[in-house]
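Okay, here's what each chain looks like letter by letter:
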Amino acid sequence: MKIILAAPRGFCAGVNMAIDSLDLTLQKFGPPVYVYHEIVHNQYVVNTFRDKGAVFVNEIDEVPEGSVLLFSAHGVSPQVREAAKARSLNALDATCPLVTKVHLEAIKYAKAGYTIILIGHDGHDEVIGTMGEAPEAILLVEDEADVAELQVKDESKLAYLTQTTLSVDDANRVINKLRERFPHIESPPKGDICYATQNRQEAVRVLSDDVDVVVVLGSQNSSNSQRLRELAAEGGKQAYLIDGPDDLDLDYFTAASTVLITAGASAPESVVQATIDWLIKHFDATVEVKQIREESVHFPLPKPLRAFAAEVQAQ
Ligand code: SF4
């Protein structure tokens, strides 16, 4: 068996920053550190932090007054920030700057009196946070069918935004429908689907042609990981989204001589390597890395952690 290992894969700049933030917050304040929702959508990462004393909550009122709280990479609505303030929580913010960009665009359009069409997945943490910035001005659409149902007050003041982790192809289909129905619809000059989502999808698109099976490392609730699996499946490949090698079955590979391995933006490299080891053990696999694009994006830590991070580094 030959393994094609896609690059780039795995952790993006936003996930790296969020994970470093939680690590440093635990070191600085000691456990428990409360985290609003999963720090990133990955079971392995969440369980590792749970063992170190992070407590993941779904509601602010689960956090004892005065505690330390971290907002996850997916961002939160202003209502959640207010609730944290009202409870006198020491709140730190590990929202990815590319999610914050979408929040700021929503605020800008809403202030200018626009109706905003947000393309995204209902119930996703990021979508809930973005919609919370201007609930009265934002309408959510998930697919082309939703576009046909839209009722808007003023077609001359309309803009669209997207969740950062969508399928580029699906989003373009919805955007084309929106433009067909509302030719004057506006959008930010630079799209909202983030660089990491686009690059990982491009790698699957380019590399999956010549393989028999595609294995995506990532959790079921990770939007960008799900999109990678779907992309491979749409290309006619047998494709699996797994948290790690424990989810694999020998039968998945009975007719496979070439396997593509990639990982969503929240999946750690350790689970990629464990999966490779599993395939080497069972199929005597060899590995070839194929680099489609270089990435050099880096996001700064939340301000309140920067001095402490420098101290830790100097030790
Ligand atoms: S996937 Fe994109 S938007 Fe999400 S945390 Fe990573 S860089 Fe930020």
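Residues numbered from 1 in each chain as written. Predicted model: local features only at pLDDT ≥ 70, side-chain atom pairs only at ≥ 80, totals over all residues.

Some remarks on the overall build of the chain
Along the backbone of the chain there are 11 helices and 12 strands. For 315 residues, the compact-globule formula gives about 20 Å, and the C-alpha radius of gyration of the chain, at 21 Å, lands near that figure. Burial statistics for the chain: of 315 residues in total, 44% are counted as buried. Contacts in the chain between residues at least 24 apart in sequence constitute 76% of all its contacts with a sequence separation of at least 6. (Helix = DSSP H or I, 4+ residues; strand = E, 2+ residues; numbered from the N terminus. Rg over C-alpha atoms; globule rule 2.2 N^0.38 Å. Buried ≥ 20, exposed ≤ 12 C-beta atoms within 10 Å, placed from the backbone. Contact = placed C-beta atoms within 7 Å.)

Quick word on unusual backbone geometry
Following Ala7, the chain continues to Pro8 via a peptide bond in cis, the omega torsion being 5 degrees. Residue position: Pro8 is located in the loop between β1 (2–7) and α1 (13–29). Backbone torsion omega between Pro31 and Pro32 reads 0 degrees, so that peptide bond is classified as cis. Its location among the elements puts Pro32 in the loop between α1 and β2 (33–36). With a phi angle near 65 degrees, His37 is a residue other than glycine that sits in the positive phi range.

Quick look at the sheet that holds strand β4 (residues 68–71)
With parallel pairing, the 4 strands of this open sheet are ordered in space as β3-β2-β4-β5. Of all the strands in the sheet, just β3 (54–57) and β5 (90–93) have a single pairing partner and so form its edges. Here the strands of the sheet are splayed against their neighbours by 30 degrees on average, with no regard to which way each runs. With 3 bridges joining them, β2 and β4 adopt parallel strand pairing. Bridging across to β4, Tyr34 finds its partner in Leu69. (Pairing = 2+ DSSP bridges. Axes fitted to C-alpha atoms, helices over the stretch in contact; angles between N-to-C directions.)

A few points about the site of the ligand
The environment of the ligand is made up of 15 residues, and the closest members are Cys12, Gly14, Cys96, Thr164 and Cys194. Secondary-structure elements contributing two or more residues to the shell around the ligand are α1, α4 (97–111) and α8 (195–207). In terms of residues, the shell around the ligand owes the most to one element, α1, which gives 3 residues. Within the shell around the ligand, the residues separate by chemical class into 10 nonpolar, 5 polar and no charged. (Near = placed C-beta within 6 Å. Nonpolar A, V, L, I, M, F, W, Y, C, P; charged D, E, K, R; others polar.)

Let's talk about the domain arrangement of the chain
According to the domain assignment, the chain consists of domain 1 (2–11 + 195–291), domain 2 (13–96 + 299–314) and domain 3 (98–181). With 12 residues of domain 1 at the interface, the matching set in domain 2 holds 8 residues. Looking at the side of domain 1 that touches domain 2 residue by residue, the classes come out as 5 nonpolar, 6 polar and 1 charged. (Domains from an automatic or database assignment.)

Some thoughts on the UniProt feature "binding site: isopentenyl diphosphate" (unreviewed entry) in the chain
Here the UniProt feature "binding site: isopentenyl diphosphate" (unreviewed entry) sits at His41, His74, His124, Ser222, Ser223, Asn224 and Ser266. Mapped onto the secondary structure, His74 falls in the loop between β4 and α3 (78–86). The class of His74 is buried, set by 28 C-beta atoms lying within 10 Å. Setting aside residues no more than four positions away along its own chain, His74 makes contact with His37, Val99, Asp125, Glu126 and Gly129. Along the chain, the position of Ser266 falls in the loop between β11 (258–263) and α10 (269–283). In contact with Ser266, other than residues within four places in its own chain, are Val15, Val40, His41, Asn42, Val45, Gly218 and Ser222. (UniProt positions renumbered as here; feature names shortened; annotations may be inferred.)

Brief notes about the nonpolar core
Most often, soluble globular proteins keep nonpolar side chains buried together rather than apart. Core analysis: the biggest nonpolar cluster contains 63 residues, and Ala18, Leu22, Ile39 and Ile116 have the highest contact counts within it. When near neighbours in sequence (up to four residues on either side) are disregarded, Leu22 contacts Val33, Val35, Ile39, Phe49, Ala54, Leu70 and Ala94. (Core = buried A, V, L, I, M, F, W, Y, C linked by C-beta atoms within 7 Å.)

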